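Chain by chain, the residues:
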Amino acid sequence: AQSVSQHNHHVILSEAASLELGCNYSYGGTVNLFWYVQYPGQHLQLLLKYFSGDPLVKGIKGFEAEFIKSKFSFNLRKPSVQWSDTAEYFCAVSHSGGYQKVTFGTGTKLQVIP
Amino acid sequence: GAVVSQHPSRVICKSGTSVKIECRSLDFQATTMFWYRQFPKQSLMLMATSNEGSKATYEQGVEKDKFLINHASLTLSTLTVTSAHPEDSSFYICSASGGQGVAEAFFGQGTRLTVV
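Owing to the predicted nature of the structure, the values given are computational and were not obtained by experimental measurement.

A word on the sheet that holds strand β7 (residues 67-73) of chain B
Residues and elements named next belong to chain B. Taken in spatial order, the four strands line up as β1-β3-β8-β7 in an open sheet, and their pairing is antiparallel. Each edge of the open sheet carries a strand with a single partner, namely β1 (4-7) and β7. Strand-to-strand, the axes of this sheet are offset by a mean angle of 15 degrees, without reference to chain direction. Here β1 pairs with strand β3 (residues 19-25) via four bridges, running antiparallel. Note on β3: the bridge partner recorded for Val4 is Ser25.

Structure representation (structure tokens):
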């Protein structure tokens, strides 16, 4: 069975600091990888996804993630966070059909201090 | 992105009663809908996948007789928690996808169920 680990449960950063959220998955086959964001009081939204091709994926709002197959990782990065990035971030993986049977990590709460 | 509406957003019910949660795709046809459950400080756990007009496929450990899923149209799926107990209290989230393969799944806002 596939699983996803997010190592940081709660991250607090000052504005303009750089962000990196770790995500590791376990699955032996071909994977699709996702980062979702949930702003306070809002729905889960797709931040970015990797299906194939360039392992460096750029998403919305200046976020990017890099798929490193050898490390089974898909870390999320942003060079300079803003207060509006305060949210919960979920890494997720699926192994077939794109969005079918998506397995989520436990989430990381990011708090950005002005 | 497309809009998925989930209703109600919060519900409190008595033990032994049944509760129905609706998930609607407002501006696209959802051939596949997913139901998740989220416990406090834990991940979203996939409960079942439903394709329009077919029986839902339940994940291991999910009681199909307790969590009834209906996906009778391309815009509506319902989850009914039957004979609810306090341990069923949780956050339930649906997502809807407009097709197979790489079609994105859009999430509803979730339903907070409290069984007293």
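Digging into the pairing of strand β5 (residues 44-51) of chain B
Within a regular beta strand, the side chains point alternately toward one face of the sheet and then the other, so they alternate between its two faces. Residue and element names in this part refer to chain B. With respect to burial, β5 is a largely interior element, six of its eight residues being buried. The pairing of strand β4 (residues 32-38) with β5 spans seven bridges and is classified as antiparallel. Its bridge partner being in β5, Tyr36 is matched across the sheet by Leu46. What sits between β5 and strand β6 (residues 57-58) in their antiparallel hairpin is a turn of five residues, with Gly53 showing a positive phi close to 85 degrees.

Overview of unusual backbone geometry
In this structure, the amide linkage connecting His7 of chain B to the following residue, Pro8 of chain B, adopts the cis form with an omega of 0 degrees. Summarising the element assignment, Pro8 of chain B is placed in the loop between β1 and β2 (10-13). Residues other than glycine seldom take positive phi values, yet Ala16 of chain A does so here, at roughly 80 degrees. Residue position: Ala16 of chain A is located in the loop between β2 (10-14) and β3 (19-21). With phi around 45 degrees, Ser83 of chain B is a residue other than glycine that occupies positive phi space. Inspection of the secondary structure puts Ser83 of chain B in the loop between β8 (76-81) and β9 (90-97). Overall, the relative accessible area of 35% leaves Ser83 of chain B in the partly exposed class.

What counts and what doesn't
- Residues numbered from 1 in each chain as written.
- Chains lettered and ligands numbered in written order.
- Predicted model: local features only at pLDDT ≥ 70, side-chain atom pairs only at ≥ 80, totals over all residues.
- Heavy atoms only, no water.
- Pairing = 2+ DSSP bridges.
- Helix = DSSP H or I, 4+ residues; strand = E, 2+ residues; numbered from the N terminus.
- Axes fitted to C-alpha atoms, helices over the stretch in contact; angles between N-to-C directions.
- Buried < 20%, exposed > 50% of the residue type's maximum accessible area, 1.4 Å probe, protein only.

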